[in-house]
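# Chain and residue survey
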Amino acid sequence: MPGPLDGATVLDLTEWVAGPYATKLLADYGADVIKIERPSGDPSRSVGPFKDNDQHIEKSGSFFYLNTNKRSVVLDLKQASTRDLVAGLIDKADIVVESFRPGALDRLGIGWDFIHARKPEIALVSITPFGQESPYRDFKIADGVLYGFAGEMYSMGVQDREPTKMYGTAALAECGAAAATAVMAALTVTELQGIGQQVDFS
């Protein structure tokens, strides 16, 4: 049975947890998600559990869960020769989702200006810890920092004890779920109004 996003094509330039979880949800709802992965592999490939406790990049349960129902292609985006390949994928996509550090796509020559000039009606959703233009834009993120900044840590643990949070990367997964909503909103605007926009999701 077709899902609500059946017929939509998502170009997935995300890594680690939040971005891949967002695009996994889109794939689960029927979108054709094409993941571009660096030659060394998505960093989530180094996270268990591993099949048969064999810490091999092709046996990471975390990676495979976060990338269920996607197609993938391995490209080195630092090579100028891949730019035409990426452009061809943009031509076929309805939306692009990325999670690089702010400014990284521009340095690679495939940033918003390139995407918008190539296909004006397509949206780009950029998922970063603190946004593209925030004073904190170059800061790194961890689950504990997310809990603190978002105020959720206030509800965790005991008042007179050290801060605490949920296990693992729960906050990053929650961010991914929220980002998926932003992607669907951008897809809706494109479908209804033909407007391509850059969505800055921090």
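In short, a report on the structure. Per chain, the residues get numbers from 1 upward, laid out in the order the sequence is written. A pLDDT threshold of at least 70 governs which residues receive local features in this predicted model, and a stricter bar of 80 or more applies before side-chain atom pairs are shown or counted, although totals over entire chains, interfaces and linings include all residues. With hydrogens and water stripped out, all remaining heavy atoms of the structure feed into the side-chain values.

## Side note on the packing of helix α6 (residues 143–150) against helix α7 (residues 170–193)
Only the stretch in contact is used when a helix axis is fitted, and all axes are lines through C-alpha atoms; the angle between N-to-C directions ranges over 0 to 180 degrees. The numbering of helices and of strands both runs from the N terminus, where a helix is a DSSP run of H or I of at least 4 residues and a strand a run of E of at least 2. Remark: α6 packs on α7, axes separated minimally by 8 Å, with the N-to-C direction vectors making an angle of 65°. The residues of α7 that touch α6, namely those facing D143, L146 and Y147, are A170, A171, L172 and C175. Residue composition of the contact of α6 with α7, by class: 6 nonpolar, no polar and 1 charged. Residue contacts are counted whenever heavy atoms from the two residues lie within 4.5 Å of one another. Just so you know the grouping, Ala, Val, Leu, Ile, Met, Phe, Trp, Tyr, Cys and Pro go in nonpolar, Asp, Glu, Lys and Arg go in charged, and all remaining residues, Gly too, go in polar.

## Considerations on the sheet that holds strand β5 (residues 123–127)
Backbone-to-backbone hydrogen bonds pair the strands of a sheet. The strands run either parallel or antiparallel. A pair of strands is labelled paired if DSSP reports no fewer than 2 bridges between them. Spatially, β3-β2-β1-β4-β5-β6 is the arrangement adopted by the 6 strands of the open sheet, whose pairing is parallel. A single partner strand is all that each edge strand has here, and the edge strands are β3 (71–74) and β6 (198–201). When strand polarity is set aside, the average angle formed by the axes of neighbouring strands in this sheet is 20°. Strands in contact with helix α1 (residues 18–28) are β1 (9–13), β2 (32–37), β4 (95–98) and β5; relative to β2, the strand with the most contacts, it is inclined by about 155°.

## Looking at a nonpolar patch on the surface
On the surface, Y136, F139, V145 and F149 cluster together into a nonpolar patch covering about 390 Å² of accessible area. Counting through the fold element by element, F139 comes out in the loop between β5 and α6. Overall, the relative accessible area of 47% leaves F139 in the partly exposed class. A patch consists of residues exposed above 30% relative accessible area that lack any salt bridge, with like charges linked at up to 9 Å and nonpolar side chains (Val, Leu, Ile, Met, Phe, Trp, Tyr) linked at up to 5 Å. Each accessible area is a Shrake-Rupley result for a 1.4 Å probe, and residues are judged covered by the shown protein chains and nothing else. Any Lys or Arg side-chain nitrogen found within 4 Å of a carboxyl oxygen on Asp or Glu counts as a salt bridge. The buried label applies to any residue whose accessible area, calculated with a 1.4 Å probe on protein chains only, is under 20% of its type's maximum; exposed applies above 50%, and partly exposed to all values in between.

## Structural notes on the side chain of T9
Structurally, T9 is set in strand β1. T9 sits in the buried class, given a relative accessible area of 14%. Beyond its immediate chain neighbours, meaning those up to four positions away, T9 contacts D32, I34, K92, A93, D94 and I95.

## Comments concerning the packing of aromatic side chains
Only rings of Phe, Tyr and Trp enter the pairing, Trp through its six-membered ring, and a pair is recorded when the two centres are within 6.5 Å. The plane angle decides the type: under 30 degrees is stacked, over 60 is edge-to-face, the rest tilted. Enumeration according to the criterion identifies 7 aromatic pairs in this entry. Plain terms: the ring middles of F130 and F139 are 6.4 Å apart, the flat faces sit at 85° to each other, and that makes the pair edge-to-face. The class of F130 is buried, set by a relative accessible area of 12%. Three or more aromatic residues link up through ring pairs in this structure, and these residues are F130, Y136, F139 and F149. Any Lys NZ or Arg CZ that is within 6 Å of a ring centre and within 35 degrees of that ring's normal is treated as a charge sitting over the ring. Directly above the ring of F63 sits R45, whose terminal nitrogen or CZ lies 3.8 Å from the centroid.

Without other data, these values stay purely geometric and don't point to any function.
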